[in-house]
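Close look at the chain arrangement
Read off the chains here:
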Amino acid sequence: MAEKRTPIKVSDAVQKVMAYASRGQAEQVPLENSYGRFLAEDLIADHDVPSFDRSPYDGFAVRAADTAEITRANPGVFEVIGEIGAGSVFQGRVGQNQAVRIMTGAQIPAGADAVVMLELTKELDAAEGKRFELKRTLKSGENISFQGEDTQKGTILAAKGSFITPGIAALLATFGYDEVPCAKKPVIGVLATGSELLEVNEPLQPGKIRNSNSYMILAQIERAGGEAKYFGKFSDDLEQCVIAVKDALNQVDLLITTGGVSVGDYDYLPAIYEKLGADVLFNKIAMRPGSVTTVAALGQKLLVGLSGNPSACFVGFELFVRPVIRHHNFHRSPHVRKEKAYLGKDFPKANPYTRFVRAGLHYDDGRLTVHPSGFDKSSAVSSLAEANALIVLPGGTRGYQDGMMTDVLLLDDQKGSEWPWENIVPSYK
Ligand SMILES: Nc1nc2c(c(=O)[nH]1)N[C@H]1C(S)=C(S)[C@@H](COP(=O)(O)OP(=O)(O)OC[C@H]3O[C@@H](n4cnc5c(N)ncnc54)[C@H](O)[C@@H]3O)O[C@H]1N2
Ligand code: MOO
Ligand SMILES: [Mg+2]
């Protein structure tokens, strides 16, 4: 008789896995390659930005006091004593009724405390030197970008573990990081099992299918921030699989297998764990799909046995592998981000297990709404194309209706959740 397995709660399963998660190391990455990596140190401003008072306009730098008596009828006249563009510094000092012609981004010259835009001045006859007329007053500090107004020295601008966005790349450049301390990506191996699997370039044959899970997982690893290493597909042959898993395990930080974790005659993963002497942390979870997801540990290394069923495989990765990768990359909230959204469709069928429905998250006239993204079986592959979220429907005796608010896990997200598994509430209106 087939082994009877006892399901554990999703939160307990995640906790067991995270007990083995470790932090990685830092490596220097050229700034131009750092997008999408994770910071291995806090990014701290080591100088003010801007680091000097500067002009936000093309205009003239003057002393505001010299404009105090100006009226429309009684314009002021200023003598232009120099000209500077961004990058140049005026060496003299602006005196009474004097001005320096200044371009956007140039440092405010000594003596000046205001800038007037070119358009508000009228150049006078050049015969008696460079002069212009001004018909309005200026306040001290008017049109000056002050030192430190953007950010002040000592400010933490991005925390260790932050995903490097284009904005963070700009800050890294601002503070002189031509090389960026990034988390070294964990190497995550992928190995598929199943005698039914064809290579992607093979024509279909009776009873066979193409191996889609491997390529899905390789992409999920990249999205989560890991370095994917593919070991190929193996037929359901116990001895060969044991050798392949052992060999792969030596080359990676964590090994994912797909297929062969259930109770079938050719589901060899349980036997493989036994032969390797690995500790099985769990082999049944109260969730759907992915109930057969099995995780074992050999020493400190994790072997994650994802289901062969594509949707189950997909969900298992996001719940159990993503946080290990992100934790390794110093992320402070490594789990899938949990938010709330409105259900866009009835889900009348009750299920005793928590369901993770592959879904598309959309703005429906300003309302964040989730729609199941298609065929909702563990074996489904088509519904994964549009799935940028998972609707969390807690197990119970009733179904769910269109318009209810539900918990939803966001997949195309870098912010994450510290621990999304508290307060998963049955949906409510
Ligand atoms: N008697 C029972 N049968 C099953 C149970 C159970 O509890 N008792 N659980 C079911 C559930 S739930 C799932 S999920 C599947 C899990 O199956 P395995 O993880 O053992 O995976 P396989 O048997 O190898 O394959 C299942 C299914 O997936 C297809 N597959 C496998 N690998 C790939 C791949 N790389 N790319 C695409 N598709 C793949 C495979 O052809 C099968 O159709 O077990 C249920 N059975
Ligand atoms: O492990 Mo299965 O995915 O619950 O259908
Ligand atoms: Mg099976």
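Remember, it's a predicted structure, so these values are computed and weren't measured experimentally.

1. Focus on the sheet that holds strand S8 (residues 131-134)
The strands that make up a sheet are held in pairs by hydrogen bonds between backbone atoms, and each pair lies either parallel or antiparallel. Pairing is mixed across the open sheet formed by 6 strands, whose spatial order is S6-S3-S5-S4-S8-S7. The strands lining the two open edges of the sheet, one partner per strand, are strand S6 (114-117) and strand S7 (121-123). Adjacent strand axes in the sheet meet at a mean angle of 40°, parallel and antiparallel pairs treated alike. As paired strands, strand S4 (residues 76-84) and S8 are joined by 4 bridges and run antiparallel to one another. Counterpart to Val77 in the pairing with S8 is Glu133.

2. Describing the pattern of salt bridges
Side chains carrying opposite charge are able to pair once their charged atoms draw close together. Within this structure, the stated rule accounts for 15 salt bridges. We note a salt bridge from Lys275 to Glu239, for which the minimum N-O separation is 3.9 Å. Highlighted residues: Lys275 in helix H5 (residues 269-276) and Glu239 in helix H4 (residues 238-249), separated in sequence by 36 residues. Glu339 is the salt-bridge partner of Arg337, the closest N and O atoms lying 2.9 Å from each other. When its relative accessible area of 30% is taken as the criterion, Glu339 is described as partly exposed.

3. Things to note about the domain arrangement of the chain
Along its sequence, the chain is carved into domain 1 (10-25 + 184-329), domain 2 (31-44 + 159-183), domain 3 (54-134) and domain 4 (337-410). Using C-alpha coordinates to define each centre, domain 2 is positioned 35 Å away from domain 4.

4. Some points on the site of ligand 1
Ligand 1 sits among 22 residues. The nearest are Glu196, Asn211, Gly260, Ser262 and Gly308. One of the backbone N or O atoms of Asn213 is found 3.2 Å from a nitrogen atom in ligand 1. Here an oxygen atom of ligand 1 and a backbone polar atom of Val261 are 3.1 Å apart. Of the pockets mapped on this structure, ligand 1 occupies the largest pocket. Among the residues forming the shell around ligand 1, the class breakdown is 6 nonpolar, 11 polar and 5 charged.

Calculation notes
- Residues numbered from 1 in each chain as written.
- Chains lettered and ligands numbered in written order.
- Predicted model: local features only at pLDDT ≥ 70, side-chain atom pairs only at ≥ 80, totals over all residues.
- Heavy atoms only, no water.
- Pairing = 2+ DSSP bridges.
- Helix = DSSP H or I, 4+ residues; strand = E, 2+ residues; numbered from the N terminus.
- Axes fitted to C-alpha atoms, helices over the stretch in contact; angles between N-to-C directions.
- Salt bridge = Lys/Arg side-chain N within 4 Å of Asp/Glu carboxyl O.
- Buried < 20%, exposed > 50% of the residue type's maximum accessible area, 1.4 Å probe, protein only.
- Domains from an automatic or database assignment.
- Near = heavy atom within 4 Å.
- Polar contact = N/O pair within 3.5 Å; in protein donor to acceptor, adjacent residues only side chain to side chain.
- 1 Å grid on protein atoms, 1.4 Å probe; cavity = no way out; pocket = protein on both sides within 12 Å on 5 of 7 lines; lining within 4 Å.
- Sits in = over half its atoms within 2 Å of the grid points.
- Nonpolar A, V, L, I, M, F, W, Y, C, P; charged D, E, K, R; others polar.

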